[in-house]
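Structural overview
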Amino acid sequence: MSTMLRLPETGMDKARVFSTMEELRAEDADWKHAKTWSLVYFAGEDILAVAKEAYMRFFSENGLNPMAFPSLRRFERDVVQMSLSMMHAPETAAGSMTSGGSESLLMAVKTAREWQRKTRPHVKAPEMLIPLSAHPALEKAAHYFDVAAVHIPLTADHRADVEAAKKLVNDNTILILGSAPQYPQGVVDPITELAAIAKERSILCHVDACLGGFLLPFFEGIGRKLPLFDFRVPGVTSISADIHKYGYAAKGASVIMYATRELRRFQYFSYADWPGGLYASPSMTGTRPGGAIAAAWAVMKYLGQSGYERLARETMETTDALRKGIDAIPGLRIVGNPDASVFAFDSDRVDVYQLADLMDKKGYKLDRQQRPPCLHMMVTAAHSVIKDAFLADLAAAVQELAETKPAPEGSAAMYGMLGAAPDRAAVGSMLIDFMDGLDNMP
Ligand SMILES: Cc1ncc(COP(=O)(O)O)c(C=O)c1O
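The following refers to the structure shown.

So, about the sheet that holds strand β1 (residues 94–98). One open sheet accounts for seven strands, arranged β1-β7-β6-β5-β4-β2-β3; its pairing is mixed. The two strands at the open ends of the sheet, each matched to only one other strand, are β1 and β3 (148–152). Mean inter-strand twist for the sheet, computed between neighbouring axes without regard to direction, equals 20°. In the sheet, strand β2 (residues 127–131) pairs with β3 via five bridges, with the strands oriented parallel. Paired with Glu 127 across the two strands is Ala 148, which belongs to β3. Relative to the sheet, helix α4 (residues 101–119) contacts β1, β2, β4 (173–179), β5 (204–209), β6 (238–242) and β7 (254–258), its axis offset from that of β7 by approximately 25°. Across the sheet, helix α5 (residues 137–145) lies against β2, β3 and β4, angled at about 170° from β2, the strand it touches most.

Of the pockets and cavities examined, the second largest pocket occupies roughly 930 Å³. Taken together, 37 residues line the second largest pocket, and the ones lying closest to its centre are Glu 76, Arg 77, Gly 95, Arg 264 and Tyr 268. Residue assignment for the lining of the second largest pocket shows that the elements contributing at least two residues are α3 (70–86), β1, α8 (261–265), β8 (269–271) and β9 (279–281). With eight residues, the single largest contributor to the lining of the second largest pocket is α3. Classifying every residue of the lining of the second largest pocket by side-chain character gives 18 nonpolar, twelve polar and seven charged.

Conventions we followed
Residues numbered from 1 in each chain as written. Predicted model: local features only at pLDDT ≥ 70, side-chain atom pairs only at ≥ 80, totals over all residues. Heavy atoms only, no water. Pairing = 2+ DSSP bridges. Helix = DSSP H or I, 4+ residues; strand = E, 2+ residues; numbered from the N terminus. Axes fitted to C-alpha atoms, helices over the stretch in contact; angles between N-to-C directions. Contact = heavy atoms within 4.5 Å. 1 Å grid on protein atoms, 1.4 Å probe; cavity = no way out; pocket = protein on both sides within 12 Å on 5 of 7 lines; lining within 4 Å. Points joined across faces, edges and corners; volume = space filled by probe spheres on them. Nonpolar A, V, L, I, M, F, W, Y, C, P; charged D, E, K, R; others polar.

Following this line, the structure appears as structure tokens:
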């Protein structure tokens, strides 16, 4: 007999449905107490309540058909325009909402490929230059859209090496990308210099501001200096910014912006021959959840410039305190000189993977990075309540490991081994095995 789970014979009682769900979340990461350092961007109960209410009010609506729900059409237009003005876009600019950073990046690459097919049909093997630190969604885009990803090496400060990029660019290059900031060390790539290379060759330049798009634009207002990274930089043709990260909206909300409407047309898809009707869709997905679009609009309107500036200030003050505190722990060191609220730290005293395991036991979730091993943190204003306790726990964990010097085991041993393994294709295949095996986990 099949062991596969079947629908309950008769429906479950509502109270039991929810009590079971609550039981199942018992082991989930504790973001509400600010113990996680990625995945959830919490900025306070009031903002969460606004996002939830807007989401619930438009829970059933679908942004797929722009004529059926004029409300969603308006929300999306407003969200895109507010984002464009945050990025100092020209009047010619346009954009779309997507389900997240990955979809926005996929669209930037798809647009570049369609643009190349139309304007440079002689290019048979299109390439894009992306820094080694660029988000894996770009490798995914390369894989999906058959645009080769050519890696720009990093300089000692972890930023894309402009001189190397100049040597890598060639007649097949259709797109150059920089991040603001990149994820691993939290630094902003030299956008002005990368965009200048693109401009000189009349090719496209995308800024991945998925992470920083709702934080960096408020630096000016809070008196923090940063080189330009937006549409004011000559040569920048598109920017992605995630509203579900530092925009504090519900999951499923990002914006992809283009310097011109003509460029955005390359993103769109239409099919006129379907017996089911005339079909057009702006991005990867078909159905587009009304809730995510509505929540983005509601939170952006609720916070406004002053709300985002307040959160940017609190986020950066918390980040500064954490960076200072970590640097003061003997044996720990912040990697490079991060520009925003995302950073990594490593150690010459303890095994950082063992440190992460020990911190897991204390309820924290620190992300492990590799090549070289270090731990990663994304800070929000909500972390200000936990920063002192976290630093004390971190210092105690380092001390304990330095004194006891345990042999690496379990996840620490596995991370160490996989990070150092020379055969990256084999490691990639093990990751697929891991995902495949998730069905068998409790
Ligand atoms: C720099 C950067 N780009 C893109 C993404 C992808 O965003 P998402 O997870 O929403 O697809 C991330 C996610 O952390 C990121 O840090």
